[in-house]
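So you can see what is in the structure, the chains are spelled out below.
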Amino acid sequence: MHDNLLIKPTPEKALEIQRELMNAMAVGDRQAFEQLYRLTSPRLFAVALRMLRRHAWAEEVLHDSYITAWNRAASYNPALSSPMTWLTHIVRNRAIDWMRGSDNQLDELDETMSDGDASDHDEPLQRLQQDSDAKILAACLAHLPAEQRQSLILAYYQGLSHGEVSSHLQQPLGTIKSWIRRALDHLKSCVGL
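Residues numbered from 1 in each chain as written. Predicted model: local features only at pLDDT ≥ 70, side-chain atom pairs only at ≥ 80, totals over all residues. Heavy atoms only, no water.

**Student:** What's the story with the overall build of the protein chain in this structure? I'm lost.
**Tutor:** Regarding its fold elements, the protein chain presents nine helices and zero strands. Of the contacts formed within the protein chain by residues at least 6 apart in sequence, a portion of 61% connects residues at least 24 apart. If you sum the accessible surface of the protein chain, you get close to 11500 Å²; carbon and sulfur atoms cover 52% of it. (Helix = DSSP H or I, 4+ residues; strand = E, 2+ residues; numbered from the N terminus. Contact = heavy atoms within 4.5 Å. Areas by Shrake-Rupley, 256 points an atom, 1.4 Å probe, with all protein chains shown as cover.)

**Student:** Even after reading the chapter, I still don't get the environment of Ala46, so can you show me in this structure?
**Tutor:** With respect to the secondary-structure elements, Ala46 resides in helix α2 (residues 30–52). Residue Ala46 is classed as partly exposed on the basis of its relative accessible area, which comes to 34%. As a C-alpha pair, Ala46 and Ala58 span 12 residues in sequence and 8.2 Å in three-dimensional space. (Buried < 20%, exposed > 50% of the residue type's maximum accessible area, 1.4 Å probe, protein only.)

**Student:** For this particular structure, what's the right way to read the packing of aromatic side chains?
**Tutor:** The geometry of an aromatic ring pair comes down to the distance between the two centres and the angle between the two planes. Applying the stated criterion across every chain, the model contains five aromatic pairs. Taking 6.1 Å as the distance between ring centres and 85 degrees as the angle between the ring planes, the aromatic pair formed by Phe33 and Tyr66 counts as edge-to-face. Pair noted here: Phe33 is in helix α2 and Tyr66 is in helix α3 (residues 55–72), with a separation of 33 residues, a long-range link. Take Phe33: its relative accessible area is 23%, and that puts it in the partly exposed class. On the basis of an interplanar angle of 75 degrees and a centroid distance of 5.3 Å, the ring pair of Phe33 and Trp70 is categorised as edge-to-face. Taken together, the positions of Phe33 in helix α2 and Trp70 in helix α3 put the pair 37 residues apart, joining distant regions of the chain. (Phe/Tyr/Trp six-rings, centres within 6.5 Å; stacked < 30°, edge-to-face > 60°.)

**Student:** It is not clear to me how α2 should be interpreted in this structure. Could you clarify?
**Tutor:** Structural remark: α-helix, 3.6 residues per turn; residues separated by three or four positions point the same way. The terminal C-alpha atoms of α2 lie 28 Å apart, and with 23 residues this falls more than 12% below the ideal 33 Å at 1.5 Å per residue. Thr40 marks the point of greatest bend in α2, at about 50 degrees, and the proline Pro42 comes within the next four residues. The complete set of buried residues in α2 reads Ala32, Gln35, Leu36, Thr40, Ser41, Leu44, Phe45, Val47, Ala48, Met51 and Leu52. Buried residues along α2 sit against α1 (11–26), α3, α4 (83–100) and α7 (146–157). Its side-chain oxygen at 2.9 Å from the backbone nitrogen of Gln31, Asp29 defines the N-terminal cap of α2. Note on α2: the residue one or two positions beyond its end, Arg53, has a positive phi of about 60 degrees. (Expected span 1.5 Å × (residues − 1). Bend = angle between axes of the 7 residues up to and from the residue. Polar contact = N/O pair within 3.5 Å; in protein donor to acceptor, adjacent residues only side chain to side chain.)

**Student:** What's the story with the state of the cysteines in this structure? I'm lost.
**Tutor:** What is meant by a disulfide is a covalent connection between two cysteines, made through their sulfur atoms. Scanning the model with the defined rule gives one disulfide in all. What pairs with Cys140 in a disulfide is Cys190, and their sulfur atoms sit 1.9 Å apart. Disulfide Cys140-Cys190: torsion about the S-S bond near -85 degrees, hence left-handed. With Cys140 in helix α6 (residues 124–142) and Cys190 in helix α9 (residues 173–191), this pair connects stretches of sequence that are 50 residues apart. Classification of Cys140 as buried rests on a relative accessible area of 1%. Assessed through its relative accessible area of 36%, Cys190 is described here as partly exposed. (Disulfide = S-S within 2.5 Å.)

**Student:** Any chance you could explain the pattern of salt bridges here in plain terms?
**Tutor:** Between side chains of opposite charge, a pair can form as their charged atoms come close. Under the counting rule described, the total for this entry stands at two salt bridges. Glu16 serves as the salt-bridge partner of Lys13, at 3.4 Å between the closest nitrogen and oxygen. With Lys13 and Glu16 both in helix α1, this residue pair falls three residues apart, about one helical turn. Here Arg38 and Glu34 are joined by a salt bridge, their closest N and O atoms 2.7 Å apart. (Salt bridge = Lys/Arg side-chain N within 4 Å of Asp/Glu carboxyl O.)

**Student:** Just to check I follow, could you spell out the confidence of the model for the protein chain for this structure?
**Tutor:** In low-pLDDT regions, the fine details of the predicted coordinates are not to be read closely. In the predicted model, the protein chain carries a mean pLDDT of 80, and the fraction of residues at 70 or more is 79%. Overall, residues 112–122 carries pLDDT values under 50, and its contacts beyond four positions in sequence, including any with other chains, amount to 14 contacts. (pLDDT = per-residue confidence, 0-100.)

**Student:** Please clarify how unusual backbone geometry should be interpreted in this entry.
**Tutor:** Peptide bonds are trans in most cases, and residues, glycine excluded, mostly fall at negative phi. Although it is not a glycine, Arg53 adopts a positive phi angle of roughly 60 degrees. Its location among the elements puts Arg53 in the loop between α2 and α3. Of note in this structure, Gln170 is not a glycine but carries a positive phi near 55 degrees. In this fold, Gln170 is placed in the loop between α8 (162–169) and α9. Judged by relative accessible area, which is 67%, Gln170 ranks as exposed.

Here you go:
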């Protein structure tokens, strides 16, 4: 279909190519799937890595996301979004699900938070305190309602604006602001600030 993907197309042409590939993928064209993967995976991997902060997790989420895209390609509607927006939505949702997963989330989130903040020069007591603080924060996050936790993670861990969180979760802006405010209030009282 589009054999020469090395030449960078204009944004309009790139969108047209992605839509053609999505249509072909919807009818089971594996070559179209492969080409779409080559075109979009670097950007989507960056989204997953930014959210999860672990290379192996991002790879796993990306893999799961493309399986989902393959299985749901027929449901893609070009009138509602571009292929990249549709794929990014799948990756973000998979990453959020991954963070919520009982196998992955809190213990390894604790490790990520404490590893990223601790330096080799910290005293053992400081490290112990940081580990303890991370566990407290993770436990407090676990007690939040899912929509509040998801809003907070998107806003503070992923750096999305309230408007972007609203669009991503397809909820009114006022609702998102309320969820984030309640989540922050809960965290303040939970960690004792």
